[in-house]
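Observations on the model geometry
One letter stands for each residue in the lines below.
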Amino acid sequence: MPYLEPTPSLDFIRARIAEDVKAGKNAGRVHTRFPPEPNGYLHIGHAKSICLNFGAAAEYKGLCNLRFDDTNPAKETVEYEESIIRDVRWLGFDWDDRLFYASDYFEKLYEYAVYLIENGKAYVDSLSADEIRQYRGTLTEPGKESPYRNRPIEENLRLFERMRNGEFEEGAHVLRAKIDMASGNINMRDPVMYRIMHVPHYRQGSKWVSYPMYDYAHPISDALEGITHSLCTLEFEDHRPLYDWFIENLPVPARPEQIEFARLNLSYTVLSKRKLLTLVTEKIVSGWDDPRMPTLNGLRRRGYTPEAIRNFCDAIGVAKRDVIVDVAQLEHAIREDLNKHSSRVMAVLRPLRVVIENYPENETEELDAVNNPENPAAGSRKVPFSRVLYIEQDDFRENPPKQFFRLAPGREVRLRYAYFITCKDVVKDGSGNIVELRCTYDPATRGGDAPAGKPSPKATLHWVSAAHAMAAEVRLYDRLFNEEKPDNESPINPTSLDVLTGCQVEPSLKGAKPLDRYQFERLGYFCVDLDSKPNAPVFNRTVTLRDTWAKIEKSLKK
RNA sequence: UGGGGCGUGGCCAAGUGGUAAGGCACAGGUCUUUGGAACCUGUAUUCGAAGGUUCGAAUCCUUCCGCCCCAGCCA
């Protein structure tokens, strides 16, 4: 029996696409689209859809269009459109010349609407919005037919044209599909196709005053673009019969198929456009790109890479059940990527002055430090060492607990890439605060290697030379919410942002530019913030390193 | 009580009648000049529940239970 490679399991959408291709449906062609409405910024949930649409198309030698679903001029702006284009590109996807807009189909959409009217399948209703709601019935009771439902075709045609010409006030009339007011599916109870809006469109200007609704515009837009698989989220499942109804009742050039999947939910994170907008407008965060935001530009500013986000989307899969993915999964994705690709550097966030008593006053040594142990090709750099250093306050304990093996009085530890040092004395100020450590170094340990016969210390500390280090601001971020499933009332995590000033970073960081990413050894991954200036650098903490000591310490406190 | 969906370990997720993949998280361990990384080991007698069909069921049938979505002239 020959060994067979296990076939990688496909998610249900890819499986379906594979079937269609195999069956020769659409001549084996695969064509998807990502259809955002330009009314907000893209977030990690959209990334799932983007990766699915562009990814699945590419895997089956197909294409994916970027199409703006801009049918509601009251909410849409160029600012949003531009941010969406930037974010999809940044994520790593390309649509060549296939950038489309539903608004470019308005004329065609209008013609199709006329076609439905002519065939007795659409009518102009003159009921008010309130009345339409009442006539619609409820979830358990059927609706009633509008008294205008059987208007003569000619009258419908005249009225619809006058709607287009701007002869009516908003709300005076709507165009409705004539389907079934008794349907158990409310979407089929004569859904509205067009409504009058005296609002200029951000791309069409004042050309239109009647705008098509999503349910009507979407299937036609898909058909006009030759979309084969129209992927959307679960809440549109009920709309599929309507989607199909338009496709079946109109002479459209293709028959796209709508398939629904579950949208992404992330623990400790809010992902609804409305809630995100509130965070921005109420100034709870600094903007759409606040590094605590789950928006793509927020994540970018936080230091996330497109690759990590794509890997995350890959890892969580695509299915139909409602899920809440653990943010730990996202954090794992960025750690995994940054571990492989980011340069190591030493930075001291909360400095504690250390004087090496047996080291000459005015001497400086340049020591070799490896840039990335995961990637030898990244090479090495020189780090200056001198008599006065800074180490992390957390790395010293006057009365260390059992499992603490960092620096303590009388104890020897290694300074990374430098020397072993031993703490001889603790200097305190008037109120008993530790302000300085007096230490000695062992010249035989240069580079950090233990000489033959000498045991290696249990701890290795990062450090920085006081005379050479550069001062910096560091912003420590944590999850925005402490509740696993935050809702509208959830308070934000008061420690979601901790700004540290007076941090000391190694001099090689002098040329760092906004968005450059590093690992601060033993601390986490950081990236240069957009607010950073050459003389006043600012770093954002993307994510911490896994911290075993923090876990021990936490269990110690219990 | 109308219609549409969904229920596999703490969180995701394969599996489509032949005896429960994988990832995250967690717990041990090896190694280590990052308490990082890497590597190894462990964690569902069980697939929402109960019946039934079958030599054999997470997969088929029946009933029940639970959760999500829909009553915008939003998308």
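These numbers come from a predicted model, not from an experiment. (Residues numbered from 1 in each chain as written. Chains lettered and ligands numbered in written order. Predicted model: local features only at pLDDT ≥ 70, side-chain atom pairs only at ≥ 80, totals over all residues. Heavy atoms only, no water.)

1. Considerations on the overall build of chain A
Stated precisely, the cut-off is as follows: The way it works is that DSSP assigns letters per residue, a run of H or I at least four long becomes a helix, a run of E at least two long becomes a strand, and they are numbered from the N terminus. For the radius of gyration, the atom set is restricted to C-alpha positions; the globular benchmark scales as 2.2 Å times the number of residues to the power 0.38. Working definition: with a 1.4 Å probe on protein chains only, accessible area under 20% of the residue-type maximum means buried, over 50% means exposed, and in between means partly exposed. By definition, residues are in contact when any of their heavy atoms lie within 4.5 Å. In these tables, accessible area is a Shrake-Rupley quantity obtained with a 1.4 Å probe, and a residue counts as shielded only by the protein chains included in the view. This count recognises Lys and Arg as positive and Asp and Glu as negative, with His and chain-terminal groups excluded. Charge coordinates come from a single atom per side chain, which is NZ of Lys, CZ of Arg, CG of Asp or CD of Glu.
Secondary structure assignment for chain A yields 13 helices and 25 strands. Relative to the compact-globule value of 24 Å for 558 residues, chain A shows a C-alpha radius of gyration of 31 Å, a clear excess of over 25%. In terms of principal-axis extent, the alpha carbons of chain A reach across some 100 × 70 × 45 Å. Every one of the 558 residues in chain A was classed for burial, and the buried ones make up 51%. Look at the contacts in chain A between residues 6 or more apart in sequence, and 70% of them connect residues 24 or more apart. Looking at chain A as shown, the accessible area adds up to about 26200 Å², and 49% of this sits on carbon and sulfur atoms. Here chain A contributes 77 positive and 84 negative side-chain charges, whose respective centroids are spaced 4 Å apart.

2. Describing the nonpolar core
For clarity, the cut-off: Residues belong to a common nonpolar core when they are buried Ala, Val, Leu, Ile, Met, Phe, Trp, Tyr or Cys residues joined through side-chain atoms within 4.5 Å.
With 39 residues, the main nonpolar core has Ile44, Ile50, Phe54, Val88, Leu91, Ile309 and Phe312 as its most contacted residues. With six residues, the top contributor of residues to this core is helix H2 (residues 44-59). Beyond its immediate chain neighbours, meaning those up to four positions away, isoleucine 309 contacts Ile44, Ala47, Trp90, Leu91, Leu296, Leu299 and Tyr304. Counting residues in hydrophobic clusters, the runner-up holds 35 residues, among them Ala122, Leu157, Phe246 and Val252.

3. So, the sheet that holds strand S19 (residues 460-461)
Strand pairing in a sheet takes place through backbone hydrogen bonds and is either antiparallel or parallel in direction. Definition in use: For two strands to be treated as a pair, DSSP must find at least two bridges joining them.
Overall, mixed pairing links the seven strands, which are arranged S19-S16-S17-S18-S12-S15-S20 in an open sheet. Looking at strand neighbours, the two that pair on one side only are S19 and strand S20 (463-465), the edges of this open sheet. Taken together, the three bridges between strand S15 (residues 388-392) and S20 define a ladder with antiparallel strand orientation. By the bridge assignment, isoleucine 391 is partnered in S20 with tryptophan 463.

4. Let's talk about the pairing of strand S9 (residues 257-261)
Across a regular strand the side chains alternate sides, sitting on one face of the sheet and then on the other. As a reminder, the rule being used: Orienting the strands away from the viewer, one traces the path from the first strand over the helix to the second; a clockwise path indicates a right-handed crossover.
Extensive coverage of S9 is indicated by the burial of five of its five residues. Covered by surrounding structure in S9 are Glu257, Ile259 and Phe261 together with Gln258 and Glu260, the residues of both alternating faces. The parallel pair strand S8 (residues 229-233) and S9 is bridged by helix H8 (residues 240-249), and the resulting crossover is right-handed.

5. A look at the packing of aromatic side chains
What counts here: Paired rings are identified among Phe, Tyr and Trp, the last through its six-membered ring, by centres lying within 6.5 Å, and are further divided according to the angle between planes into stacked (under 30 degrees), edge-to-face (over 60) and tilted (the rest). Note on geometry: a ring has a charge over it if NZ (lysine) or CZ (arginine) is within 6 Å of the ring centre and within 35 degrees of the ring normal.
For the structure shown, the criterion picks out 22 aromatic pairs. With centroids separated by 5.3 Å and ring planes inclined at 65°, the aromatic side chains of phenylalanine 520 and phenylalanine 539 adopt a geometry described as edge-to-face. Highlighted residues: phenylalanine 520 in strand S23 (residues 517-520) and phenylalanine 539 in strand S25 (residues 538-544), separated in sequence by 19 residues. Residue classification places phenylalanine 520 among the buried residues on the basis of a relative accessible area of 0%. Taken together, the ring pairs connect Phe106, Tyr110, Phe160, Tyr194, Trp208, Tyr211, Tyr216, Trp245 and Phe246 into an aromatic cluster. A cation sits over an aromatic face here: arginine 300 above tryptophan 90, 5.1 Å from the ring centre. Sitting over the ring of phenylalanine 404, arginine 397 keeps its end group 5.2 Å from the ring centre.

6. Section: the side chain of glutamate 436
Here is the rule we go by: Between N or O atoms, a polar contact is any pair within 3.5 Å; within protein, one atom must be a potential hydrogen donor and the other a potential acceptor, and residues adjacent in sequence are included only when both atoms are from side chains.
Position of glutamate 436 among the secondary structure elements: in strand S18 (residues 434-442). A residue is classified by how much of its surface remains accessible, and glutamate 436, at 12% relative accessible area, is buried. At 2.8 Å, the side chain of glutamate 436 forms a polar contact with the side chain of arginine 353. Within polar-contact distance, the side chain of glutamate 436 engages the side chain of arginine 438 at 2.6 Å. Apart from the residues within four sequence positions on either side, glutamate 436 is in contact with Leu352, Arg353, Val355, Asp425, Val426 and Val427.

7. Observations concerning the protein's contact with RNA strand B
Which entries qualify depends on this criterion: Whether a residue is near a molecule or strand depends on its heavy atoms: it is near if one of them lies within 4 Å of it. Under this grouping Gly is polar, as are all residues other than the nonpolar Ala, Val, Leu, Ile, Met, Phe, Trp, Tyr, Cys and Pro and the charged Asp, Glu, Lys and Arg.
Taken together, the neighbourhood of RNA strand B is formed by 68 residues, with Arg321, Phe405, Arg406, Arg416 and Gly447 sitting nearest. Near the protein, within 4 Å, the atoms of RNA strand B are sugar or phosphate in 62% of cases. The separation between a base nitrogen of RNA strand B and a polar side-chain atom of glutamate 374 is 2.9 Å. Between phenylalanine 405 and RNA strand B, the recorded distance is 3.2 Å, taken from a backbone N or O atom to a base oxygen. Looking at the surface near RNA strand B, the elements that each hand over two or more residues are helix H5 (129-135), strand S6 (192-196), helix H12 (327-341) and helix H13 (548-557). Taken together, the residues that form the surface near RNA strand B break down as 25 nonpolar, 20 polar and 23 charged.

8. Considering helix H1 (residues 12-22)
We apply this condition: Of all possible arcs, the one meant is that of the directions from the helix axis to the C-beta atoms.
When we look at burial in H1, the residues that qualify are Ile13, Arg14, Ile17 and Asp20. Projection of H1 onto a plane perpendicular to its axis shows the buried side chains occupying an angular sector of 120°, all on one side. Counted as exposed and oriented over 90 degrees from the buried face of H1: Glu19 and Lys22. Residues of H1 that are buried sit in contact with H2, S8 and S9. If you check the start of H1, you find a side-chain oxygen 3.0 Å away from the backbone N of isoleucine 13, and it comes from aspartate 11. Taken from the residues just after H1, glycine 24 is the one with a positive phi, measuring 75°.

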